[in-house]
Structures are given as C-alpha cells and as structure tokens.
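What follows is each chain in one-letter form.
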Amino acid sequence: YSNFIDDLRVYVRGGTGGMGYPNLGGEGGRGGDVWFVARERTTLKSIREKYPQKRFVAGTGANSSVRALKGEKGKDCEVHVPLGISVLDDDGKQIGELNAAGERFLAARGGLGGSLATNFLPCKGQRRTVHLDLKLIADVGLVGFPNAGKSSLLSKISHAKPEIANYAFTTIQPELGKIMYADYKQISVADLPGLIEGAHENKGMGHKFLKHVERTKQLLLVVDISGFQLSIKTQFRTAFETILLLTKELELYKEELVTKPALLAINKMDLPCAKNNLDELMTQLKNPQDFLHLVEEEMIPANTLEFREVIPISTYTGEGIEELKTCIRKSIDEQAEEVNEEYRKKKLLLLQTSK
C-alpha cells in the first residue's frame, strides 16, 4: 500500500511573536501562521518525500526596536495539499476541509508579539498534530466485490493500467482513470479496493475503500453474473445477493451513499449460462421485494439502489463496453443538468423573495 498514501500525520506550529520594547512601548511582530492550501497535481506522497520530518513551523515575529517600534509579522508557512483533503485533529474530529484549488485552511496560528498586555514578552504560536485524510474526487466510483472485474473494466474504458489477476484483492490501492470521448469530454473513474462482507466494520480494507466512495458523484456497481465466493470458508452469493450485500455495506457505512445516482454493469457475459443468469437477475431486479425472502434478513438493505441503467458487459470480449461508456456519459450529463436546474430554481426563488 506504499505507492498510494491517503492519510498523513503532520506536526504544525505557528511562529513565536517578537519581543516588545518596554522603554518606548513598542510591540513585537506577531508570529507567522501555518496554512494548508489546496493545489492540483499534489499528492500526500510528494509531501512526505519533500518533508520527511513532517514538521511545518512558521517564522518568528520581528522584535520591536528603536528603528521599528512595531515589529514585522513572521513569515507564514504554506503547505500545498491535494484536493479532497479533510483535516482531522488527533482525536479524529474534523476541523477543516479543502475541496477546490486555492482553498485555504489555517492549521496553526502564530503567537502574539510582546506588548503592554503581555508585559512585553512574546507568546508562543499554536502547536498541534493533525491528520491529512484524503478522499478521492472522481465522477464515477467502481463498487464491487473482489474479482468482479473492476480493474479489467477500468483498463478497457480508460488509459489506466491497473494490476489485473484472477484472484481476489488484486487491487490494494485506489486507481484513477479517465474516459476520453470523441468531443474531448473527460470523465474520471476510480477503481477502489474490493469490498467484502463486513466492510462497514472495517473488515478487509473496509474504511479505506468506503471513505473514497463518499466523494464520487455516481456509483457504478460491477457484479459477476455467475455470482461470488470469497473463499471456501465463505458462503456463495448469487448476482442478486451480491447487489443486495453491496447496497447493505454502503448503507451501513453512510446512508447517503445509497442516494447517489447508480449504474449497474453485469460482467463476465462470455461465461456459459450467463444469458440464463441474466434473464433471472433482470426479473429479480424488476421486483426485488418478491425475492427478498430468499436471502437472510441481515443482508436486506433498508433501501434498494435504483439503477439508471443495467448494462451487460464482458471485459474479456469487449461486449457492451462502448454502450457502458455512452451510459456513463449520459448519466453524468443528466446529473449536471439536474444540479444546474436546481441552482436556477434557487436563484429565481431568491430574486422573487427579494422583490
């Protein structure tokens, strides 16, 4: 997991203020501040490599003197961080968030300079240890159990080259790819480490996976048409049960995830009996309530996912890949239009109420 870092613990300290000048009532300069600034093309790995000590200290304020009774402020320390960063204190409480390029967060404030109020003695700057927690921002997040074919699908629809093998847990770090369209439109897709049952309890790579799903605009569930079994010790799950389990894991981690727009890709349609399995699955998806009695009660999610499209594909033969790319584009465009329409309605409402 060393090639990709999504959590970094750093020490930050604001600069100490400058000394005051008691004889003439001079004030020392305030200490510099430590700022986190969101910047594109930055990674937590590059921060760790550039600053192996992971310490960020701002400059000391200038002392008051006969020449300058008001000392200058100490130099600020700016740390460039990736987009999609949550800043957490040592207790795990979120104290800040940086999602867009240029956004700033004050991580540690500089100390006051010496003045009459402090008996002309300077104050030390704020100091603390914080966690930089990264959540990938992508248009579409691939959701599926291990070996469902997510990495193969990403390599087919984008220029990404994830590691692919025929065993569970090939993907141990998130992979980002971009779908390129003929009109130069780009849609980012994140292939995330495979879920397993109990992921919401942080089993397997549960929380490492699920926290990245939070920032994706839409979900693309990838399901093996022949079903899934993690190992000989675990129960075999049909494609329908797999969809219910994935929904349940998302719901238990954070209910809002189930409200995201979702597409369903039914993979491995090149396998024998795939057509019969697909017919059965489509019947179950049309009326899921009629088939919930076939599964254990704890597997049933409170809300079943509503899929905008169900696309049968084969990453082996290439069947359905172009159709899937078209569906992804259509779904993203529709969502953008819905957001714009909502924004227009709010603006109109504000104009009407102001009149």
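It should be noted that the structure appears before, not after, this text.
The residue count restarts for each chain, going from 1 along the sequence in the order it is written. Given that this is a predicted model, residues contribute local features only at a pLDDT of at least 70 and side-chain atom pairs are listed and counted only at 80 or more, while totals for whole chains, interfaces and linings are drawn from all residues. Heavy atoms throughout the structure, all of them, feed into the side-chain values; hydrogens and water do not.

1. Quick look at the overall build of the chain
Phase 1: A run of H or I in DSSP counts as a helix once it spans at least four residues, and a run of E counts as a strand once it spans at least two, with each numbered from the N terminus. Helix and strand content of the chain: six helices and 14 strands.
Phase 2: With a 1.4 Å probe rolled over the protein chains alone, any residue whose accessible area is under 20% of its type maximum counts as buried; one over 50% counts as exposed, and the rest are partly exposed. The buried share among the 355 residues of the chain stands at 48%.
Phase 3: The contact rule is simple, with two residues in contact once any of their heavy atoms fall within 4.5 Å. Sequence-distant contacts in the chain: of pairs separated by 6 or more residues, those separated by 24 or more amount to 72%.

2. As for the packing of aromatic side chains
Phase 1: Pairs were defined over the aromatic rings of Phe, Tyr and Trp, the Trp ring being its six-membered one, requiring ring centres within 6.5 Å. Orientation was assigned from the angle between planes: stacked under 30 degrees, edge-to-face over 60, tilted for the rest. Applying the stated criterion across every chain, the model contains four aromatic pairs.
Phase 2: Between phenylalanine 36 and phenylalanine 105 the ring centres are 6.4 Å apart and the planes differ by 20 degrees, which places this aromatic pair in the stacked class. In this pair, phenylalanine 36 sits in strand β2 (residues 34-38) while phenylalanine 105 sits in strand β7 (residues 104-108), placing the two residues 69 residues apart along the sequence.
Phase 3: Classification of phenylalanine 105 as buried rests on a relative accessible area of 13%.
Phase 4: Judged by centre distance (6.4 Å) and plane angle (75 degrees), the ring pair of phenylalanine 240 and phenylalanine 291 falls under edge-to-face. With phenylalanine 240 in helix α4 (residues 239-253) and phenylalanine 291 in the loop between α5 (274-286) and β14 (307-312), this residue pair connects regions lying 51 residues apart in the sequence.
Phase 5: You can call phenylalanine 240 buried: its relative accessible area is 4%.
Phase 6: Residue phenylalanine 291 is classed as partly exposed on the basis of its relative accessible area, which comes to 22%.
Phase 7: Cation placement over rings: the criterion is NZ of Lys or CZ of Arg within 6 Å of the ring centroid and within 35° of the ring normal. One cation-aromatic arrangement involves arginine 104 over tryptophan 35; the distance from NZ or CZ to the ring centre is 4.5 Å.
Phase 8: Lying across the ring of tyrosine 181, arginine 329 places its NZ or CZ 5.2 Å from the centre.

3. Looking at the side chain of histidine 131
Phase 1: Here histidine 131 lies in strand β8 (residues 127-134).
Phase 2: The class for histidine 131 is buried, based on a relative accessible area of 17%.
Phase 3: Two N or O atoms form a polar contact when they lie within 3.5 Å of each other; inside protein one atom must be a possible hydrogen donor and the other a possible acceptor, and for residues adjacent in sequence the pair counts only when both atoms belong to side chains. There is a polar contact of 3.4 Å between the side chain of histidine 131 and the side chain of aspartate 90.
Phase 4: Filtering out sequence-adjacent residues up to four positions away, histidine 131 remains in contact with Asp7, Leu8, Arg9, Ser86, Val87, Leu88, Asp89 and Asp90.

4. Digging into the packing of α4 against α5
Phase 1: Helix axes are fitted only over the stretch in contact, all axes being lines through C-alpha atoms; the angle between N-to-C directions runs from 0 to 180 degrees. Two numbers describe how α4 lies on α5: the axes approach to 9 Å, and their chain directions differ by 40 degrees. Judged by the angle between their axes, α4 and α5 are oblique. Here Ala239, Phe240 and Ile243 of α4 come into contact with α5, specifically with Leu281, Gln284 and Leu285.
Phase 2: Its residues assigned to classes, the contact of α4 with α5 shows five nonpolar, one polar and no charged. An angle counts as roughly parallel when it lies under 35 degrees, as roughly antiparallel when it exceeds 145, as roughly perpendicular when it falls between 65 and 115, and as oblique in every other case. In this classification, Asp, Glu, Lys and Arg are treated as charged, Ala, Val, Leu, Ile, Met, Phe, Trp, Tyr, Cys and Pro as nonpolar, and every other residue, Gly included, as polar.

5. Regarding the nonpolar core
Phase 1: With 34 residues, the main nonpolar core has Leu221 and Leu250 as its most contacted residues.
Phase 2: Those elements that provide at least two residues to this core are α3 (206-213), β12 (218-224), α4, β13 (262-267) and α5.
Phase 3: Discounting chain neighbours no more than four positions away, the residues touching leucine 250 are Val143, Leu210, Val213, Leu219, Leu257 and Val258.
Phase 4: We call a set of buried residues a nonpolar core when its members are Ala, Val, Leu, Ile, Met, Phe, Trp, Tyr or Cys and they connect through side-chain atoms within 4.5 Å of each other. With 23 residues, the next largest nonpolar core counts Leu8, Val34, Cys77 and Val130 among its residues.

6. Comments concerning the packing of helix α2 (residues 150-157) against helix α6 (residues 321-354)
Phase 1: Between α2 and α6, the shortest axis-to-axis distance is 11 Å and the interhelical angle comes to 80 degrees. Considering the angle they form, α2 stands roughly perpendicular to α6. Side by side, α2 and α6 meet where Leu153, Lys156 and Ile157 of the first sit next to Ile321, Leu324 and Lys325 of the second.
Phase 2: Partitioned by chemical class, the residues of the contact of α2 with α6 number four nonpolar, no polar and two charged.

7. Description of the environment of glycine 177
Phase 1: Here glycine 177 lies in strand β10 (residues 175-180).
Phase 2: Since its relative accessible area comes to 6%, glycine 177 is described here as buried.
Phase 3: Sequence separation between glycine 177 and histidine 159 is 18 residues; the distance between their C-alpha atoms is 6.2 Å.

8. Brief notes about the environment of proline 312
Phase 1: Structurally, proline 312 is set in strand β14.
Phase 2: The sequence separation of proline 312 and leucine 324 amounts to twelve residues, and the corresponding C-alpha distance is 8.6 Å.
Phase 3: Once residues lying within four places of it in the same chain are set aside, the contact partners of proline 312 are Ile266, Met269, Leu278, Glu319 and Gly320.

9. A few points about α6
Every α-helical turn comprises 3.6 residues, leaving residues that sit three or four positions apart pointing alike.
Phase 1: A helix is expected to span 1.5 Å multiplied by its residue count minus one. When the terminal C-alpha atoms of α6 are compared, their 50 Å separation across 34 residues agrees well with the 50 Å that a helix rising 1.5 Å per residue should span.
Phase 2: Listed in full, the buried residues belonging to α6 are Ile321, Leu324, Lys325, Cys327, Ile328, Arg329, Ser331, Ile332 and Gln335.

10. Thoughts on the sheet that holds β13
Phase 1: A sheet is described by the order of its strands in space; here six strands give the open sequence β10-β11-β9-β12-β13-β14, paired in mixed fashion. In the strand order of this sheet, the two ends are held by β10 and β14, each with one partner. Across the sheet, the mean angle from the axis of one strand to that of its neighbour is 25 degrees, orientation sign disregarded.
Phase 2: With four bridges connecting them, β13 and β14 associate as parallel partners. For two strands to be treated as a pair, DSSP must find no fewer than two bridges joining them.

Bear in mind that shape data such as this cannot, by itself, settle questions of function.
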